[in-house]
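Here is what each chain is made of, one letter per residue.
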Amino acid sequence: ASVVGGNLKCVESLLGTPWQLKTNNKFLFLEDIGERGYQVDRMFEHMVQAGGLKGCKAILLGDFITGDEPNGKNYVRAALMRFAAATNIPVFDGMSTGHGKGQRMLPLGTKAVLKVQTQAELTVKAVSL
């Protein structure tokens, strides 16, 4: 399967347009920066209700950073966990990809293999430039 995705807010904003991501038989990578927990929850709910995850093989979560509430608390992780528990699509967390400190490159549009044993391992085929 190939990897598609990117910033959650951008991916969600493409729903219903000619540029909506085709997730059928693909791995969907998502990350975001500066979105609060209720906003992340709303975006995932919109994607589900709009059919934006149709046929998706797995969801790969990258960095979801900042997004603190005015009181300093952060509910982004709770929103991600709620979504993962509610969906029948496998959700994998912990990729250091997005806007965080420890970055790993994830070339979108490339073929990938996801192996799940004790840990999940995503292998992306090399891209020639």
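Data block above holds the structure.
Structural notes, computed from the coordinates.

### Focus on helix α3 (residues 76-86)
Right, on to step 1. Regarding α3, the residues found buried are Val76, Ala79, Leu80 and Phe83. Along α3, the residues classed as buried sweep out an arc of 100 degrees about the axis, all on the same side. Facing away from the buried surface of α3 by more than 90 degrees, the exposed residues are Met81 and Ala85.

### A short note on the layout of surface pockets
Right, on to step 1. In this structure, the largest pocket spans a volume of roughly 310 Å³.
Right, on to step 2. Lining the largest pocket are 16 residues, and of these Gly94, Met95, Arg104, Ala120 and Leu122 sit closest to its centre.
Right, on to step 3. Those elements that place two or more of their residues in the lining of the largest pocket are β4 (91-93) and β6 (120-124).
Right, on to step 4. By residue number, the principal contributor to the lining of the largest pocket is β6, which donates four residues.
Right, on to step 5. Its residues assigned to classes, the lining of the largest pocket shows nine nonpolar, four polar and three charged.

### As for the nonpolar core
Right, on to step 1. Leu8, Leu28, Leu30, Val40, Phe44, Ile59 and Phe64 are the most contacted members of the largest nonpolar core, which has 20 residues in total.
Right, on to step 2. Elements supplying a minimum of two residues to this core: α1 (8-13), β2 (27-33), α2 (37-49), β3 (58-65) and α3.
Right, on to step 3. In contact with Leu30, not counting residues within four places along its chain, are Gly6, Leu8, Val11, Phe44, Ile59, Leu60, Leu61, Gly62 and Phe64.
Right, on to step 4. Core analysis: the second largest hydrophobic core is formed by eight residues, Ala58, Leu60, Phe92 and Leu106 among them.

Definitions and cut-offs
Residues numbered from 1 in each chain as written. Predicted model: local features only at pLDDT ≥ 70, side-chain atom pairs only at ≥ 80, totals over all residues. Heavy atoms only, no water. Buried < 20%, exposed > 50% of the residue type's maximum accessible area, 1.4 Å probe, protein only. Helix = DSSP H or I, 4+ residues; strand = E, 2+ residues; numbered from the N terminus. Arc of directions from axis to C-beta. 1 Å grid on protein atoms, 1.4 Å probe; cavity = no way out; pocket = protein on both sides within 12 Å on 5 of 7 lines; lining within 4 Å. Points joined across faces, edges and corners; volume = space filled by probe spheres on them. Nonpolar A, V, L, I, M, F, W, Y, C, P; charged D, E, K, R; others polar. Core = buried A, V, L, I, M, F, W, Y, C linked by side-chain atoms within 4.5 Å. Contact = heavy atoms within 4.5 Å.

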